[in-house]
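Below are the chains, spelled out letter by letter.
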Amino acid sequence: MRQQKSIFQNIDWLTILLYLVMVIAGWLNIFAAVYNEDHNNITDLTQNYGKQMIWIATSLALALAILIIDGKFYEAFSGVIYGISILSLIAVLIFGHEVAGSKSWFRFGDFGIQPAEFAKFATALMMARLLSPVGLKKDTWPVRLQSFAVFLLPVILILLENETGVALVFFAFTLVLYRENIIPGWILLLGILATALFIISLLVPKTTLMIVLCSLGGLYLFLVQKRKYILPVIGITLIAIGVVFSVDYVFNNVLESHQKKRIQVLLGMEEDLRGAGYNVNQSKIAIGSGGLLGKGFLKGTQTKYNFVPEQSTDFIFCTVGEEWGFVGTTVVILLFLALLYRIVFIAERQKSAFARIYGYGVAAIIFFHFFINIGMTIGLMPVIGIPLPFFSYGGSSLWGFTVLLFILIKLDSHRTFMLR
Amino acid sequence: MRKVSSAQRTIFLVTITAVALVYIARLFYLQIIDDKYKLSADENVLRRVIDYPSRGLVYDRKGKLLVFNQTVYDLMVTPREVKAMDTAEFCSIIKISLEDFRNKFQKAKKYSPYKASVFEKQISAETYGTLQEKLFKYKGFTVQPRTIRKYPYNTAAHLLGYLGEVDENVTAKNPYYQMGDYIGISGIEQSYEKELRGRRGTRYIMVDNFNREKGRFENGKFDTLSVSGEDLKLSLDADLQAYAELLFQNKRGSAVAIDPQTGEILAMVNSPSYNPNLMVGRERSRNYGRLLQDEDKPLFNRAMMAYYPPGSTFKIINSLIGLQEHVITPETYFSCQGGYRVGPIFVHCHPHASPLDLRNAVAVSCNSYYCQTFRAVIDNRAFPSTELAFDKWRDYVLSFGIGKKINVDMPHELKGNVPTVEYYNKFFGKGRWKSSTIISLAIGQGELGITPLQMANAACIVANKGFYYVPHVVKEIGSKHYLPDRFKEKNYTKIDTKYFDAIQDGMQWVFERGTARGSRVDSLVMCGKTGTAQNPHGKNHSVFFCFAPRENPKIAVAVLVENAGQGAHFAAPIASLMVQKYLLGTIKRPDLEKRMLDAVVVPMTDTNDDD
């Protein structure tokens, strides 16, 4: 095995460039989002933008540290890292600081850390470790159950912290499992169909839906004309009807009232512009008022004057939309698309299964955040409080994503000499 | 080696690409196609702040301030900012009940929890004083100064008019006004609304989500400055007006005084009247309702809206028409045997010497003389038909400003009634009427309806020997002392100047030895004519019009006292006293004054006491 000559050898500079562009664009938008005349210096440490500068600087230090540490460390210590991560998730439940009903932060004076952000890369590492051994029989139940356990364990702990949105992120790992043939595509498809059916059930009267489902089943049998399909089709139809009738129960008893409201608002079942719909409506107003070219840097009124809540964290995309217009929002989406393509490209070029699986983990998590966060600000997704990677204000989030991405970059830099 | 599972990779990449494209499409719709959000954004952040200009002041002809602005305070509330507070103390300061407080608060909350709205209108300066010291304890409550009209003299209420909040009709028709604005709705407040109100200024400010001011929008590019309203100097003589109102105490009726040489209205009396201060402030709607229901109709502007038969005063006009039509001369004599008979109709006359010439007929107001004159005018052979002769007569009457609006600078003027050929054709049948059928017109009765303003204007015409200026109450507008040109034009009647001398002789004799000799003043040459208007609803109205001095006339007055009997009894003395007051500044006939002040024609509930 050859040794690396320099830590920057084989580094994927394109990814780093994309990362830097996004982080700096994020910083400028945070500046614009909370800008006020009294604190007009972007380095003012009393303001979020000044603090974000510190988060960026420390993130870069963290990135450098990750690149310096030997690439083999991450695979070798993935179990330990995962274990520490799980312990910290438990510890936060006991010692954590409660904010608005959620117990997910460690507080050290002014400074806070959210272990859940770090659980993401830890879980990605653990997942890669679990599924990378050569000759692993992936289509066996023990492997399946173990892989599910790897991401469901943090999900349960984070749900206990009352951070439903963050917990949902871990379901992104199903994409990794799909890529690695642990779960077949039709199950994912079935999941999507079930979700669709769930949503339709909320909107369409039950009897109508039942009649439609039965006729679809009947139509299918009539067209296919095969005796052996009769029982499965009847079975699927019955299950579908079961889903339809379970919807009300799930909706009313499993979901919390604010979650219910958010879904109702999203589906247009309820217009509550002062309450649950306020965020989304204001967010759409801010983005919509940007027009083609936007109002210009620091000229946005909706975000700057606090009409959009959480305008520097979860709703940072509104500032982009208002001040940079359609051009700006499209550029941001294309940046994410480029990053995700690059990560998939990197993952696929790995000779090491560990690095490839980890790469897909990174892609899946970033995609899920992108999908939910931007979808939420433009009213296509329910309001789920998760940040936009690299853009949103917040130390834990930026650190977490930086570590997540730079471990991949480090693993990738070893691709030519890590043969297994 | 691992299996290359390119299908999964492709599906993953297709999925993220699809999501990105859907999001870009959605953003295209939100940011470029749909304008709704742009408007909502402005609505969020922009507030129009209105700078209300102060409304113009009103002075009388001598510079007495009649209407000014007083600052009152609207108590505003922004429900969202209200914190726990001592509600009981608060209620006791602004003198409302706890229940009222709750209702008002709910109302404000319903309007908007974020925007300030009026909690209590027009609190007094004293209440404001008490409240101001404690306002810091009541978060969310603020005080906004506003002005209301104030009237230092309790006089000329109908002429000054009042303000009211605009309704939807106004805001729909005129985009200048917005709900909550005030507008003049009667008197000069209405007719000079545009001049008095000035121009509102608008500032656009940007606010944050708590409605806190954040700065000017686009550096004030769209802001406009407010322009104060123009002051008005009225032609009204407040002293004369007040004196005339005093003379009218316990009487119903109206008096109008005009300067014939300019058309300036010097006084316009309506009785009963009301205190103009009742129509402002917190009690306005209660007061208004009470005035509206008062049986004495204090809100009724008799001077411009009440139709009275002119009675014998109309004989002056009929004389002039007769002269102009050459059916009589000043030397024409008619006899009178206690009245005049035309077929079944007998028009009574009072005892006097007979026969009489024109001047003496005016002086003693002989009914027979005018029946014969009128008959000569209407049955004039020079016209092919009665209808044409009547039309001609009617044209003469209209040229006196009777039976049409004379376009005084005040709202709600009515045109009076002079019957038409069509009316009589319909009433009697075509060709089935002649002078004898309508003989009551000869002595100012019948279908004739004239407003006191028109009567005063007719007096001006006689004083000027044939023309009038459109009567107006405004002397000068604003700092440029402007007066519309239409008030400076002479309007000629169809009577030649030369015919007026004999009439003026007769009218002078009215004072010297005729019907109004009881109201004469030695030092003044006054010309007048009494009238006793028959009234189907009750006792005759006492009517009088006059002008003085005969040479270079300065004042023309018409007086009508309802149900007060003969013109000589009430209308003539009041007119005479008004002339004395205006021309001499003193009263030469204190006996008349005392008699008028003491006289009770109709006992009236005085609406002016409760201010």
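Residues numbered from 1 in each chain as written. Chains lettered and ligands numbered in written order. Predicted model: local features only at pLDDT ≥ 70, side-chain atom pairs only at ≥ 80, totals over all residues. Heavy atoms only, no water.

### Let's talk about the overall build of chain B
Then, number 1: When helices and strands are tallied, chain B shows 21 helices and 20 strands.
Then, number 2: Since a compact globule built from 611 residues should have a radius of gyration of about 25 Å, the 34 Å found for chain B marks it as more spread out than a globular shape.
Then, number 3: Overall, chain B is about 145 × 60 × 45 Å in size when its C-alpha atoms are taken along their principal axes.
Then, number 4: In chain B, buried positions account for 55% of the 611 residues.
Then, number 5: Considering only residue pairs separated by 6 or more positions, chain B has 71% of its internal contacts joining residues 24 or more positions apart. (Helix = DSSP H or I, 4+ residues; strand = E, 2+ residues; numbered from the N terminus. Rg over C-alpha atoms; globule rule 2.2 N^0.38 Å. Buried < 20%, exposed > 50% of the residue type's maximum accessible area, 1.4 Å probe, protein only. Contact = heavy atoms within 4.5 Å.)

### Comments concerning the packing of aromatic side chains
Aromatic ring pairs are defined here through the distance separating the ring centres and the angle between the ring planes.
Then, number 1: Applying the stated criterion across every chain yields a total of 47 aromatic pairs over all chains.
Then, number 2: Seen in terms of ring centroids, A:F371 and B:Y23 are 6.2 Å apart; in terms of plane orientation they differ by 5 degrees. Their pairing is stacked. Taken together, the residues A:F371 in helix α15 (residues 353-377) and B:Y23 in helix α1 (residues 6-33) connect one chain to another.
Then, number 3: Classification of B:Y23 by relative accessible area gives buried; the value is 2%.
Then, number 4: On the basis of an interplanar angle of 20 degrees and a centroid distance of 5.8 Å, the ring pair of B:Y424 and B:F428 is categorised as stacked. Placement of both B:Y424 and B:F428 in helix α17 (residues 421-428) is noted, with a separation of four residues, approximately one turn of the helix.
Then, number 5: Note on B:Y424: relative accessible area 0%, which makes it buried.
Then, number 6: Overall, B:F428 belongs to the partly exposed group, its relative accessible area being 25%.
Then, number 7: Through pairs of rings, three or more aromatic residues link up here, namely B:F314, B:F374, B:F390, B:W393, B:Y423, B:Y424, B:F427, B:F428 and B:W433.
Then, number 8: Sitting above the plane of the A:W141 ring, A:R144 keeps its charged end 4.8 Å from the centroid. (Phe/Tyr/Trp six-rings, centres within 6.5 Å; stacked < 30°, edge-to-face > 60°. Lys NZ or Arg CZ within 6 Å of the ring centre and 35° of its normal.)

### A word on the domain arrangement of chain B
Then, number 1: Under the domain assignment, chain B is made up of domain 1 (42-64 + 153-234), domain 2 (72-146) and domain 3 (238-273 + 300-475 + 484-598).
Then, number 2: A straight line from the C-alpha centre of domain 2 of chain B to that of domain 3 of chain B covers 58 Å. (Domains from an automatic or database assignment.)

### A look at the pairing of strand β12 (residues 264-271) of chain B
Residues and elements named next belong to chain B.
Then, number 1: β12 sits mainly inside the fold: eight of its eight residues count as buried.
Then, number 2: Sheet topology note: the strand β11 (residues 253-259)/β12 ladder contains seven bridges and is antiparallel. Bridging across to β12, D259 finds its partner in E264. (Pairing = 2+ DSSP bridges.)

### Things to note about the interface of chain A and chain B
Then, number 1: Contacts between chain A and chain B engage 48 residues on the former and 35 residues on the latter.
Then, number 2: Between chain A and chain B, a total of about 3,900 Å² is buried, with carbon and sulfur atoms accounting for 68% of that surface.
Then, number 3: Of all residues in chain A, A:Y178, A:Y305 and A:F326 bury the most surface against chain B, accounting for 16% of the area lost on that side.
Then, number 4: Taken together, the connections running from chain A to chain B amount to zero salt bridges.
Then, number 5: Connecting chain A to chain B are eight residue pairs in polar contact (both at pLDDT 80 or more).
Then, number 6: Mapped by element, the contributors of at least two residues to the side of chain A that touches chain B are α8 (173-179), α13 (278-288), α14 (316-348) and α15 of chain A.
Then, number 7: Tallied by class, residues from the side of chain A that touches chain B come to 26 nonpolar, 16 polar and six charged. (Buried area = accessible area lost by both parts, 1.4 Å probe. Salt bridge = Lys/Arg side-chain N within 4 Å of Asp/Glu carboxyl O. Polar contact = N/O pair within 3.5 Å; in protein donor to acceptor, adjacent residues only side chain to side chain. Nonpolar A, V, L, I, M, F, W, Y, C, P; charged D, E, K, R; others polar.)

### What to know about the sheet that holds strand β1 (residues 46-51) of chain B
All names here are of chain B.
Then, number 1: In space, the three strands of this open sheet follow the order β1-β8-β9, with antiparallel pairing throughout. The sheet is open, and its two borders are formed by β1 and β9 (213-216), each paired with just one other strand. Shown here is a sheet whose adjacent strand axes are inclined to one another by a mean of 40 degrees, direction ignored.
Then, number 2: As defined by bridge partners, β1 adjoins strand β8 (residues 201-207) across six bridges and the pair is classed as antiparallel. The residue bridging R48 from the neighbouring strand is Y204, located in β8. (Axes fitted to C-alpha atoms, helices over the stretch in contact; angles between N-to-C directions.)

### A few points about helix α20 (residues 571-583) of chain B
An α-helical segment advances 3.6 residues per turn. Residues three or four places apart therefore align on the same side.
Residue and element names in this part refer to chain B.
Then, number 1: For α20, spanning 13 residues, the distance from its first C-alpha to its last is 18 Å, which sits close to the expected 18 Å at 1.5 Å a residue.
Then, number 2: Of all 13 residues in α20, 10 are buried; the element is thus mostly enclosed.
Then, number 3: Two residues or fewer past α20, G585 is found with a positive phi of approximately 80 degrees. (Expected span 1.5 Å × (residues − 1).)

### Some words on the nonpolar core
Then, number 1: Core analysis: the biggest nonpolar cluster contains 132 residues, and B:L160, B:L234, B:W393, B:V559 and B:M578 have the highest contact counts within it.
Then, number 2: Per element, the largest residue contribution to this core is nine residues, and it comes from helix α18 (residues 452-464) of chain B.
Then, number 3: Two domains share this core, each providing at least three of its residues, namely domain 1 (42-64 + 153-234) and domain 3 (238-273 + 300-475 + 484-598) of chain B.
Then, number 4: Excluding residues within four positions of it along the chain, B:L160 makes contact with B:V58, B:L66, B:V67, B:Y151, B:T155, B:S186, B:G187, B:I188, B:E189 and B:L234.
Then, number 5: In this structure, A:A172, A:V176, A:I316 and A:I409 belong to the second largest nonpolar core, which totals 125 residues. (Core = buried A, V, L, I, M, F, W, Y, C linked by side-chain atoms within 4.5 Å.)

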